[in-house]
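Inside the fold
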2 protein chains.
Amino acid sequence: MPPTEVTLKDIARAVGKSVATVSKALRGHADISPEMRALIAQTAAEMGYTPNITARRLQKKRTDAIGLILPVQSARRADPFFTELLTGIANEAARHNFDLLVSARTPGSDEREAYRRLAAERRVDGLIIAQPRRNDWRIEFLTTRHLPFVVAAHQPVPPHPAVWVNAETGILQAVVHLVEENRRQIAFIAPPTDLLFHQTAVRAFGNAIAAQPELSGGIVSDLTEMSQKEGYRAAQHLLAESPPDAIVACHDLVALGAMKAAQDQGFEIGDDIAVVGFGDILLAEYSQPPLTTVHRPTDTLGQHACRLLLAAIGAIEDSPPPAEIEPWLVVRQSSNLEFWV
Amino acid sequence: MPPTEVTLKDIARAVGKSVATVSKALRGHADISPEMRALIAQTAAEMGYTPNITARRLQKKRTDAIGLILPVQSARRADPFFTELLTGIANEAARHNFDLLVSARTPGSDEREAYRRLAAERRVDGLIIAQPRRNDWRIEFLTTRHLPFVVAAHQPVPPHPAVWVNAETGILQAVVHLVEENRRQIAFIAPPTDLLFHQTAVRAFGNAIAAQPELSGGIVSDLTEMSQKEGYRAAQHLLAESPPDAIVACHDLVALGAMKAAQDQGFEIGDDIAVVGFGDILLAEYSQPPLTTVHRPTDTLGQHACRLLLAAIGAIEDSPPPAEIEPWLVVRQSSNLEFWV
DNA sequence: AGTATAAACTTAAACGTTTAAATTGTCAAG
DNA sequence: CTTGACAATTTAAACGTTTAAGTTTATACT
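Note that the coordinates shown come from a computational prediction; the quantities given were computed from them, not determined experimentally.

**A look at the sheet that holds strand E8 (residues 246–249) of chain B**
Residues and elements named next belong to chain B. Reading across the sheet, the six strands line up as E7-E6-E8-E9-E10-E12 and stay open at both edges, with mixed pairing between neighbours. What marks the edges here is a single partner per strand, and that holds for strand E7 (219–221) and strand E12 (328–330). Direction aside, neighbouring strands of the sheet carry axes that sit 20 degrees apart on average. In this sheet, E12 lies alongside strand E10 (residues 292–295) in antiparallel orientation, the contact comprising three bridges. Bridge pairing links Thr293 to Val330 in E12. Relative to strand E6 (residues 186–189), helix H9 (residues 196–210) is tilted by about 170 degrees, and along the sheet it contacts E6, E7 and strand E9 (274–279). Contacts from helix H11 (residues 252–264) reach E6, E8, E9 and E10 within the one sheet, and its direction differs from that of E9 by about 160 degrees.

**Quick look at the relation of the copies chain B and chain A**
Taken as rigid bodies, chain B and chain A are interconverted by a rotation of 180 degrees and an axial shift of 0.0 Å, the fit giving an RMSD of 0.1 Å. On this basis, the relationship between the two copies can be described by a two-fold rotation axis. Of the C-alpha atoms belonging to chain B, the one lying closest to the rotation axis is found on Leu101 of chain B, 2.3 Å away. Counting the interface residues of chain B, we find that 100% of their copies in chain A are interface residues as well, pointing to one common contact surface.

**A word on the interface of chain B and chain A**
Counting residues at the interface gives 61 residues for chain B and 61 residues for chain A. Counting each side, the surface lost to burial between chain B and chain A is near 5500 Å², with a carbon and sulfur contribution of 58%. When residues of chain B are sorted by the area they lose upon contact with chain A, Arg76, Leu282 and Tyr286 of chain B head the list and together hold 14% of the total. At the boundary of chain B with chain A, the tally comes to six salt bridges. Among the salt bridges present, the one from Arg117 of chain B reaches Asp99 of chain A, with a minimum N-O distance of 2.5 Å. The interface formed by chain B and chain A contains 23 residue pairs in polar contact (both at pLDDT 80 or more). Of all the elements in the fold, those that place two or more residues in the side of chain B that touches chain A are helix H4 (53–60), helix H5 (80–95), strand E2 (99–105), helix H6 (109–120), helix H10 (228–240) and H11 of chain B. Grouping the constituent residues of the side of chain B that touches chain A by class yields 29 nonpolar, 16 polar and 16 charged.

**A word on the protein's contact with DNA strand C**
Close to DNA strand C lie 26 residues, the nearest being Thr21, Lys24 and Ser33 of chain A together with Ser23 and Arg56 of chain B. Atoms of DNA strand C within 4 Å of the protein: sugar and phosphate make up 63%, bases the balance. The contact in question runs from a phosphate oxygen of DNA strand C to an N or O atom on the side chain of Arg27 of chain B, over 3.3 Å. Between DNA strand C and Gln59 of chain B, the relevant distance is 3.5 Å, taken from a base oxygen to a side-chain nitrogen or oxygen of the residue. At five residues, the largest contribution of residues to the surface near DNA strand C is made by helix H2 (residues 19–27) of chain B. Considering only residue class, the surface near DNA strand C consists of nine nonpolar, nine polar and eight charged.

**Examining the pattern of salt bridges**
Residues and elements named next belong to chain B. Under the defined criterion, the tally for this structure stands at 38 salt bridges over all chains. Measuring nitrogen to oxygen at the nearest pair gives 2.7 Å for the salt bridge that ties Arg123 to Glu121. Salt-bridge contacts for Lys260 lead to Asp264; the nearest nitrogen and oxygen are separated by 3.9 Å. Of the two residues, Lys260 and Asp264 both sit in helix H11, four residues apart, roughly one turn of that helix.

**Side note on the nonpolar core**
Val175 and Ile186 of chain A together with Val175 and Ile186 of chain B are the most contacted members of the largest nonpolar core, which has 105 residues in total. Membership of the second largest hydrophobic core comes to 62 residues, among which are Leu68 and Leu310 of chain A together with Ile89 and Ile325 of chain B.

**Observations regarding the domain arrangement of chain A**
Residues and elements named next belong to chain A. Split by domain assignment, chain A resolves into domain 1 (65–165 + 298–325) and domain 2 (167–296 + 328–335). Once you take the C-alpha centre of each, domain 1 and domain 2 turn out to be 28 Å apart. Each partner contributes to the interface: domain 1 provides 15 residues, whereas domain 2 provides 15 residues. Between domain 1 and domain 2, roughly 1500 Å² of surface is buried when both sides are summed, and carbon and sulfur atoms account for 56% of that area. In this structure, the connection of domain 1 to domain 2 is made through one salt bridge. Between Arg77 and Glu225 there is a salt bridge, with the nearest N and O atoms lying 2.9 Å from each other. Of the residues forming the side of domain 1 that touches domain 2, the biggest block, three residues, is contributed by helix H5 (residues 80–95).

**Digging into the sheet that holds strand E8 (residues 246–249) of chain A**
All names here are of chain A. Here six strands make up an open sheet; going across it, the order is E7-E6-E8-E9-E10-E12 and the pairing mixed. Both edges of this open sheet fall to strand E7 (219–221) and strand E12 (328–330), since each of them pairs with a single strand only. On average, each strand axis in the sheet is inclined to that of its neighbour by 20 degrees, with strand direction left out of account. Helix H10 (residues 228–240) rests against strand E6 (186–189), E7 and E8 of the sheet, and its axis sits at about 150 degrees to E6.

**Considering the pairing of E2 of chain B**
Residues and elements named next belong to chain B. Among the seven residues in E2, seven count as buried, and that is most of the element. For strand E1 (residues 65–71) and E2, the ladder comprises seven bridges, and the chain directions are parallel. Paired with Pro71 across the bridge in E2 is Arg105. Traced from E1 through H5 to E2, the parallel crossover comes out right-handed.

**What to know about the packing of helix H2 (residues 19–27) of chain A against helix H3 (residues 34–47) of chain A**
Residue and element names in this part refer to chain A. Here H2 crosses H3 at 90 degrees, and the two axes come no closer than 9 Å. Judged on the interaxial angle alone, H3 and H2 are roughly perpendicular. Across the interface between the two elements, Thr21, Val22, Ala25 and Leu26 of H2 pack against Met36, Arg37, Ile40, Ala41 and Ala44 of H3. Taken together, the residues that form the contact of H2 with H3 break down as seven nonpolar, one polar and one charged.

The rules we used
Residues numbered from 1 in each chain as written. Chains lettered and ligands numbered in written order. Predicted model: local features only at pLDDT ≥ 70, side-chain atom pairs only at ≥ 80, totals over all residues. Heavy atoms only, no water. Pairing = 2+ DSSP bridges. Helix = DSSP H or I, 4+ residues; strand = E, 2+ residues; numbered from the N terminus. Axes fitted to C-alpha atoms, helices over the stretch in contact; angles between N-to-C directions. Contact = heavy atoms within 4.5 Å. Least-squares fit on C-alpha atoms with pLDDT ≥ 70 in both. Buried area = accessible area lost by both parts, 1.4 Å probe. Salt bridge = Lys/Arg side-chain N within 4 Å of Asp/Glu carboxyl O. Polar contact = N/O pair within 3.5 Å; in protein donor to acceptor, adjacent residues only side chain to side chain. Nonpolar A, V, L, I, M, F, W, Y, C, P; charged D, E, K, R; others polar. Near = heavy atom within 4 Å. Core = buried A, V, L, I, M, F, W, Y, C linked by side-chain atoms within 4.5 Å. Buried < 20%, exposed > 50% of the residue type's maximum accessible area, 1.4 Å probe, protein only. Domains from an automatic or database assignment. Right-handed = clockwise from strand over helix to strand, strands pointing away. Parallel < 35°, antiparallel > 145°, perpendicular 65-115°, else oblique.

Pasting the structure below:
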């Protein structure tokens, strides 16, 4: 049913030359005469030729595709972070004529299978690993397979190639801001302990607190998952006994859940208690009250990760992008007394 | 650097047979003796053989890949709807050993180029079109190219293959609920007019209103984009003069924006004014107050769309999935007086 | 005139599969 | 002991590119 594809052979027949000539003409090789090159280009255009990338891939032994496997808990609970990361990667990949293969898997055996598929069957030239974990088997897997990869993270991941948003300075900014707002009892809802992000975040929070002479100390609470639900639960616990006057959350969704927990217990957000998130997802601006949060340029993260990966693959020879991306604090009503005067 | 791939040729050499024998043995053809088949299977496993899918694709003239191009306004404004749709598609595709190629483009010339790439260069065997528009050039393009596609929509899209969430009954449920809550002045914030969803939604709302003898009539307001920002703006206008006592929005994000607008103007949501969304994104449950909304099983939509596409491609011979998916209303605080007693 | 050089091509092999058709050998039936 | 059938395997071509190496023809230099 589809009109059969035009191949180099067809063009060769049409212009009465060999397939090799046509191929070289179209690729702009120097050893084809300018007239012939023009003729072939025109004929190709007239016949509606488009190269068969599969054949090209076989010949070149490159797929010109990269992969991304989203670690999602379920379809519904997909994190806005990933969407932003994905669009960043997708745009950059498209700019360089690369395909982006996407899978969405729950961490576990399914996920392993997805990596096996992409890596072992060489469906892609490289992968981007999002949200690295402690002793991440994905990193180990790809390393032993010699498949290029780049980690999109919140801290360096030596000795592996990575791009990261500086979570440390982000969290520091949040704490400094809260101190300026005269908050003295700051709690931190930390990422799940199996994430690399956990250690970085907890350390950063600890350092930030230690650097503030006004503060006695901080309370840290962990999550099993960065979701509203978990944020709600964690905040409930924090508020149950000697409630803090500020909460910093490792993720906006968590902050939103925490805010709701506080509200349900009768706290006035921004007055009785301040809440600060991390990420600045689009919704942060539209929560009630609007959420103060650390803006993470997630699509830039994806874009840089993609560029670094393409450089590692050898597909581009631009200078590599900066590895570290600085986040910044966006102050809104959930932490700012002035809004309440 | 990567350990050179094991090919059929290597296995053939190892067992002293021809490449054809090995190929057929591994594919389970009947004309290879059972012993030889076993030997080859074992040898292949020992040598760590994995088929080269590019070669296979060239030979079979199929890519075993499908494409999805997300129409996004920007990385940051990516719609949770697409994420859910994507995971639904991705999971189903993976089940059938298909790759999913994803691109994210702003509607316009970039988007065209993305379709050209995937379609003309035959990088995929088929595509899923999300959020169909009026006189959708994407549909026309794929039709003339004879590339299989399926539309994921909110209504049938004759004569094209489609899967849809029944927006009509969803909106009807919302209106009926509001009437039961004694709302009499119901406004509707409709989708952008360039979407097919627009007509369906407006018609459905009109019919729903007409079927309720208690109601005088409904007010309809349009958007340029289904975002919080636009929802905010639209609601501001609605509330400026003779405010309605209920607002139905075509999208949860829009509803969230509308809710905020109402709150900013001093309305008490759920009391002075009811707000109902469409979609039931995860956040709906965690807004303040929680949002009453029409639950759209978006990942099911993606899953069914994928199955239908695979069937159209001829990759599976299951009976096609049901084309229509029924949404249901989830009542929460933003529309329910009981919460306020 | 003879030789080197260059320009403009063509030939042929390769990438790793799949599969229709051909080949070889074995065995049973006539 | 010939014929035919069948099982097990091989041969060869094909999928559509790319590219190293080879060929032809024209031009320039000695």
